[in-house]
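Secondary and tertiary structure notes
Chain by chain, the residues:
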Amino acid sequence: MAHLVWGYAKLDSPAPARLYQAIEQNAIKKLNNFTAEDIAKTVWAYATVDVLPTKLLNAIADLLIEKFDNIQIEDNCTTTWWELDHYDAHKLCNIVWAYAKLGHKVPKLFHSIENEAIETLDLFFARDLASIAFAYAKIGHRAPKLFTAIKDKVIRHVDTFNKQDIANIVWAYAKAGQRAPQLFEAMEDAAIKELSLFTSRDIAIVVWAYAKIGHKAPTLCTALEDKAVEIIKTFNEQDVVNTLWGYARLGHAAPALFDAIQQVIVEQISRFTSHDITSIYTAYATIGYHAPRLFGAMYEKIEEDCEDFDEDQMTKIALAYLKSGISAPNLLDGTKLKALEEQKGFISQENLESMQLDALSGYPEIDLHDQVMKN
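Calculation notes
- Residues numbered from 1 in each chain as written.
- Predicted model: local features only at pLDDT ≥ 70, side-chain atom pairs only at ≥ 80, totals over all residues.
- Heavy atoms only, no water.
- Helix = DSSP H or I, 4+ residues; strand = E, 2+ residues; numbered from the N terminus.
- Buried < 20%, exposed > 50% of the residue type's maximum accessible area, 1.4 Å probe, protein only.
- Contact = heavy atoms within 4.5 Å.
- Areas by Shrake-Rupley, 256 points an atom, 1.4 Å probe, with all protein chains shown as cover.
- Core = buried A, V, L, I, M, F, W, Y, C linked by side-chain atoms within 4.5 Å.
- Expected span 1.5 Å × (residues − 1).
- Axes fitted to C-alpha atoms, helices over the stretch in contact; angles between N-to-C directions.
- Parallel < 35°, antiparallel > 145°, perpendicular 65-115°, else oblique.
- Left-handed = near helix turned anticlockwise from the far one by under 90°.
- Nonpolar A, V, L, I, M, F, W, Y, C, P; charged D, E, K, R; others polar.
- Phe/Tyr/Trp six-rings, centres within 6.5 Å; stacked < 30°, edge-to-face > 60°.
- Lys NZ or Arg CZ within 6 Å of the ring centre and 35° of its normal.
- Salt bridge = Lys/Arg side-chain N within 4 Å of Asp/Glu carboxyl O.

**Considering the overall build of the protein chain**
Looking only at helices and strands, the protein chain features 20 helices and 2 strands. A buried classification covers 54% of the 375 residues belonging to the protein chain. Considering only contacts within the protein chain whose residues lie at least 6 apart along the sequence, 76% involve residues at least 24 apart. For the protein chain, the exposed surface amounts to about 17,300 Å²; the carbon and sulfur share of it is 48%.

This is the structure in structure tokens:
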């Protein structure tokens, strides 16, 4: 049964939904005969095809919680069912990854797996550490002891992390709000060593993570800026927005990047949403990069799609014009900035900076579930 659903998940063409429903029903009936590998393959498959088998996931969770709690003592050593059943850290990571990707919260299961992972962390490789950290961050399950244990092992084995491991681990700690200065410092050196292999997505994730957690890394940011300029044509809308947000939030001036990236925005302006446009305005104004050509192109976008921009977005955009000193008189109509403009002499530079940072803090968080290591 597990091999069947795993095989269908590997196919390029998706199987019909009724097939997955039938497999779910049969799997529940035979669950007691499933090995650890069967469970890992089954949940991984459903997560990969993005089908939520709620009843099966609940049944698997109940089974795993029972088995993880069933500790056997032999020769004064404690052993769990998972360890007896051909232990493999990657299988454990696939399970929590699948539950996290499907957004299926089972706190007791994640608590049991947290304890198991901490006890056996020496068996985890770099991708396993990154994957399990991602899963706990993604599902929003607080696990400070696990994150501390992972941090310690990551620092000891930082040389084994490739560029995807690096992106996943820093994203996870930033998403979970786990401040780990030593880990982020170790990842700086690792990222610079892997920099030649970085994609635009990797750059966006790493910059976003450091900005989200508030860890300044000027050497890394400068190195990432150079790499970003080199591959600027490969940046998509999300890469552009999150990279700009990160640099602006960190307060790291990157003139070469901000200059190169504005050309990408102008050429692809139709692809950017109102939220993207608002964030770009805010980033350029906050970092203090004067970009009248870019502002002009985005202003035309606003005029064409004015109904897509709400009052809050228009206020943030107007604040960007106010701070940058670029004129856009028609933009002031119907926005809160009209009042601000009338009081311009009373608005200090410090207050404007605060307003722009407040605007940046509201940008939605990046998601990278499609990048996590799988079977």
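**Observations regarding the environment of Ala135**
If you trace the backbone, Ala135 turns up in helix α8 (residues 126-139). Ala135 gets classed as buried once you look at its relative accessible area, which sits at 0%. In this structure the C-alpha to C-alpha distance between Ala135 and Ala172, which are 37 residues apart in sequence, comes to 8.0 Å. If near-sequence neighbours (up to four positions away) are discounted, Ala135 is found in contact with Val96, Trp97, Ala100 and Phe110.

**Let's talk about the side chain of Ser200**
Tracing the sequence through the fold places Ser200 in helix α12 (residues 200-213). Owing to a relative accessible area of 7%, Ser200 belongs among the buried residues under this scheme. Excluding its chain neighbours within four sequence positions, the residues that come into contact with Ser200 are Ile231, Thr234, Phe235 and Asp239.

**A word on the environment of Lys105**
Secondary-structure assignment places Lys105 in the loop between α6 (89-101) and α7 (107-119). Given the relative accessible area of 59%, Lys105 is considered exposed. Counting along the chain gives 35 residues from Lys105 to Gly140, while the straight-line C-alpha distance between them is 8.7 Å.

**Focus: unusual backbone geometry**
For Asp50, which is not a glycine, the phi torsion comes out positive at approximately 60 degrees. Along the polypeptide, Asp50 turns up in the loop between α3 (36-48) and α4 (54-69). The exposure class of Asp50 is exposed, given its relative accessible area of 55%.

**Here's the deal with the nonpolar core**
In terms of nonpolar packing, the biggest core is built from 132 residues, with Tyr99, Ile150, Ile169, Met187, Ile265, Tyr281 and Tyr284 touching the most fellow members. When residues of this core are assigned to their parent elements, the largest contribution, 10 residues, is made by α8. If sequence neighbours within four positions are ignored, Tyr99 has contacts with Val43, Leu57, Ile60, Ala61, His104, Val106, Leu109, Phe110 and Ile139.

**What about helix α16 (residues 274-287)?**
For α16, which comprises 14 residues, the first-to-last C-alpha distance of 20 Å matches the rise-based estimate of 20 Å (1.5 Å per residue) to within 8%. Positive phi appears at Gly288, one or two residues downstream of α16, with a value of about 80 degrees.

**What about the environment of Leu257?**
Structurally, Leu257 is set in helix α15 (residues 255-267). As for Leu257 and Lys227, which are separated by 30 residues in sequence, their C-alpha atoms are 9.3 Å apart. Those residues in contact with Leu257 that sit more than four places away from it in its chain are Glu225, Ala228, Val229, Ile232, Thr243 and Tyr247.

**Let's talk about the packing of α16 against helix α17 (residues 292-304)**
When two helices pack together, their arrangement is captured by the angle between the axes and the distance separating the axes. One can describe the packing of α16 onto α17 by two numbers: an axis separation of 11 Å at closest approach and a directional angle of 155 degrees. In terms of orientation, α16 lies roughly antiparallel with respect to α17. At the point where α16 passes α17, the crossing takes the left-handed sense. Mapping the contact onto sequence places Ile277, Ile280, Tyr281 and Tyr284 in α16 and Leu294, Phe295, Met298, Tyr299, Lys301 and Ile302 in α17. Partitioning the contact of α16 with α17 into residue classes produces 9 nonpolar, no polar and 1 charged.

**Describing the packing of aromatic side chains**
On inspection of all chains with the given rule, the structure shows 13 aromatic pairs. Joined through ring pairs, the aromatic side chains of Tyr281, Phe295, Tyr299 and Tyr321 make up one cluster. Geometry around Trp6 places Lys41 over its ring, the cationic atom sitting 4.4 Å from the centre.

**A few points about the pattern of salt bridges**
Counted by the stated rule, this structure contains 8 salt bridges. The partner of Asp202 in a salt bridge is Lys163, with the nearest N and O atoms 2.8 Å apart. With Asp202 in helix α12 and Lys163 in helix α10 (residues 163-175), this residue pair connects regions lying 39 residues apart in the sequence. The closest approach of N and O atoms between Lys316 and Asp312, which form a salt bridge, is 3.2 Å. Taken as a pair, Lys316 and Asp312 lie in helix α18 (residues 311-324) at a separation of 4 residues, close to a single helical turn.

The analysis is restricted to geometry; functional conclusions fall outside its scope.
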